[in-house]
Amino acid sequence: MKGRERYIIFRKRNRIRLIDVSRYCGCSASAISQWENNLINLSDELIAKYNEFIEEFEKKHKVRY
């Protein structure tokens, strides 16, 4: 499994919407979608924010892997 696929699987298993991730990261939902589908690259800052979103989500919710 590729690195970006893990983000998609995590997001879908936990019913996280693209808009929720994009609002947290400060970018568009289409940018997150295009990155997850390997169409564009995100800056290291945005990837770090996405990882931060996941960490915060894990602290607050029961997580499905």
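Above this note sits the structure.
Everything in this summary refers to the structure shown in the same document.

About the cut-offs
- The numbers attached to residues start from 1 for each chain and follow its sequence in the written order.
- Residues qualify for local features only when their pLDDT is at least 70, as the model is predicted, and side-chain atom pairs are given and counted only at 80 or more; totals for whole chains, interfaces and linings, by contrast, use all residues.
- Derived side-chain values reflect all non-hydrogen atoms in the structure, with water molecules and hydrogen atoms excluded from consideration.
- Under the scheme used here, helices are H or I runs from DSSP no shorter than 4 residues and strands are E runs no shorter than 2 residues, and both carry numbers assigned from the N terminus.
- The rule is simple: take the accessible area with a 1.4 Å probe, protein chains only, and divide by the maximum for that residue type; under 20% is buried, over 50% is exposed, in between is partly exposed.
- Only four residue types enter the tally: Lys and Arg on the positive side, Asp and Glu on the negative side; His and the chain ends are excluded.
- By convention in these notes, a salt bridge is any Lys or Arg side-chain nitrogen within 4 Å of a carboxyl oxygen on Asp or Glu.
- We define a polar contact as two N or O atoms separated by no more than 3.5 Å, with the added condition that, inside protein, one atom must be a possible hydrogen donor and the other a possible acceptor, whereas residues neighbouring each other in sequence contribute only through side-chain atom pairs.
- Note on contacts: a residue pair qualifies if any of its non-hydrogen atoms lie within 4.5 Å across the two residues.
- Stacked, edge-to-face and tilted are the three classes for Phe, Tyr and Trp ring pairs, Trp counted by its six-membered ring, which pair at centre distances within 6.5 Å; planes under 30 degrees apart are stacked, over 60 edge-to-face, the rest tilted.
- Here, over-ring charges are defined by two tests on the NZ atom of lysine or the CZ atom of arginine: distance to the ring centre within 6 Å, and angle to the ring normal within 35 degrees.
- Axis definition: a line fit to C-alpha positions, over the contact stretch in the case of helices; interaxial angles, taken between N-to-C directions, run 0 to 180 degrees.
- Note on convention: near helix rotated counterclockwise from far helix by under a right angle means a left-handed crossing. Clockwise means right-handed.
- Throughout, the ten residues Ala, Val, Leu, Ile, Met, Phe, Trp, Tyr, Cys and Pro are labelled nonpolar, Asp, Glu, Lys and Arg are labelled charged, and all others, Gly among them, are labelled polar.

## Topic: the side chain of R4
- Counting through the fold element by element, R4 comes out in helix 1 (residues 3-13).
- In this structure, R4 is buried with no salt-bridge partner, the nearest side chain bearing the opposite charge being D44 at 8.9 Å.
- At 2.9 Å, the side chain of R4 forms a polar contact with the side chain of N38.
- The contact partners of R4, leaving out residues within four places of it in the chain, are W35, E36, N38, I40 and N41.

## Observations regarding the packing of aromatic side chains
- For the structure shown, the criterion picks out six aromatic pairs.
- Between F10 and F57 the ring centres are 6.0 Å apart and the planes differ by 80°, which places this aromatic pair in the edge-to-face class. Residue F10 is found in helix 1, and its partner F57 is found in helix 4 (residues 44-60); the two are separated by 47 residues along the sequence. An identical accessibility class is assigned to F10 and F57; each is buried.
- Measuring from centroid to centroid gives 5.9 Å for W35 and Y50, while their planes differ by 55°, and the two rings are tilted. On the criterion of sequence distance, the pair formed by W35 in helix 3 (residues 29-36) and Y50 in helix 4 is long-range, its members being 15 residues apart. The pair formed by W35 and Y50 is uniform in burial state, with each residue classed as buried.
- Three or more aromatic residues joined by ring pairs make a cluster, and in this case those are F10, Y24, F53 and F57.
- Over the ring of Y24 we find K49; its NZ or CZ atom is 4.8 Å from the centre of that ring.

## Some points on the packing of helix 1 against helix 4
- In the contact formed by helix 1 and helix 4, the axes pass within 12 Å of each other and the chain directions differ by 35°. Here helix 1 and helix 4 pass one another in a crossing that is left-handed. For the pair helix 1 and helix 4, the contacting residues are Y7, F10 and R11 in the first and I47, Y50, N51, I54, F57 and E58 in the second.
- When grouped by side-chain class, the residues that make up the contact of helix 1 with helix 4 number six nonpolar, one polar and two charged.

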